[in-house]
Amino acid sequence: MQRDFLAEMNALLNHEKDEIIVEKTEFLDFQKVWVNYDHRKEIVGFAQRNGRVIYRASESGIV
C-alpha cells in the first residue's frame, strides 16, 4: 500500500503531525508529490543515515 504523502504534508502544516519520516525506498514517491506541492518551501528535510529523511514544518514558515 502506497502512502498518501499529500495528506501527510497537509497534516504536517496543519500541526496535526510533527514529522514525516521517509525511507530510502519511498523517497522517489515522496519527491513526485513534494515537487508539485504549493507549500513545499515550508517543509524542511533533515537527512539521516541509510537514506532516511525526516521532514518537519519550518518553524518560521519560510525557508
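Caption draft 1: Region of interest: the pairing of strand E2 (residues 43-47). Inspection of the sheet shows E2 paired to strand E3 (residues 53-57) by five bridges, in the antiparallel sense. Looking at the pairing, Gly 45 lines up with Tyr 55 of E3.

Caption draft 2: Broad picture of the confidence of the model for the chain. The predicted model of the chain has a mean per-residue pLDDT of 92, with 95% of residues at 70 or higher. Confidence scores differ between elements of the chain, with E2 showing the lowest mean pLDDT of 95 and strand E1 (residues 20-22) the highest of 98.

Caption draft 3: Representation of unusual backbone geometry within the structure. Even without being glycine, His 15 reaches a positive phi, approximately 60 degrees. Within the secondary structure layout, His 15 lies in the loop between helix H1 (5-13) and E1. Its identity as a non-glycine residue notwithstanding, Asn 50 has a phi of 65 degrees, on the positive side. Among the structural elements, Asn 50 can be located in the loop between E2 and E3. In this structure Asn 50 comes out as exposed when scored by relative accessible area, which is 72%.

Caption draft 4: Focus on the pattern of salt bridges. The final tally for this structure, using the stated rule, is five salt bridges. Here Arg 3 makes a salt bridge to Glu 26, at a shortest N to O gap of 2.9 Å. With Arg 3 in the segment before H1 and Glu 26 in the loop between E1 and helix H2 (27-34), the pair connects residues that are 23 residues apart, well separated along the chain. Among the ionic pairs, Lys 17 bridges to Glu 8, the shortest N-O distance being 3.0 Å. Exposure remark for Glu 8: the relative accessible area of 12% places this residue in the buried category. If you follow the salt bridges from partner to partner, you end up with Arg 3, Glu 8, Lys 17 and Glu 26 in one network.

Caption draft 5: Molecular detail of the packing of aromatic side chains. Counted under the stated rule, the structure contains two aromatic pairs. The interplanar angle of 90 degrees and the centroid separation of 5.3 Å between the aromatic rings of Phe 5 and Phe 30 together place this pair among those described as edge-to-face. On the criterion of sequence distance, the pair formed by Phe 5 in helix H1 and Phe 30 in helix H2 is long-range, its members being 25 residues apart. By way of ring pairs, the aromatic residues Phe 5, Phe 30 and Tyr 55 are connected into one cluster.

Reading the values: the criteria
- Residues numbered from 1 in each chain as written.
- Predicted model: local features only at pLDDT ≥ 70, side-chain atom pairs only at ≥ 80, totals over all residues.
- Heavy atoms only, no water.
- Pairing = 2+ DSSP bridges.
- Helix = DSSP H or I, 4+ residues; strand = E, 2+ residues; numbered from the N terminus.
- pLDDT = per-residue confidence, 0-100.
- Buried < 20%, exposed > 50% of the residue type's maximum accessible area, 1.4 Å probe, protein only.
- Salt bridge = Lys/Arg side-chain N within 4 Å of Asp/Glu carboxyl O.
- Phe/Tyr/Trp six-rings, centres within 6.5 Å; stacked < 30°, edge-to-face > 60°.

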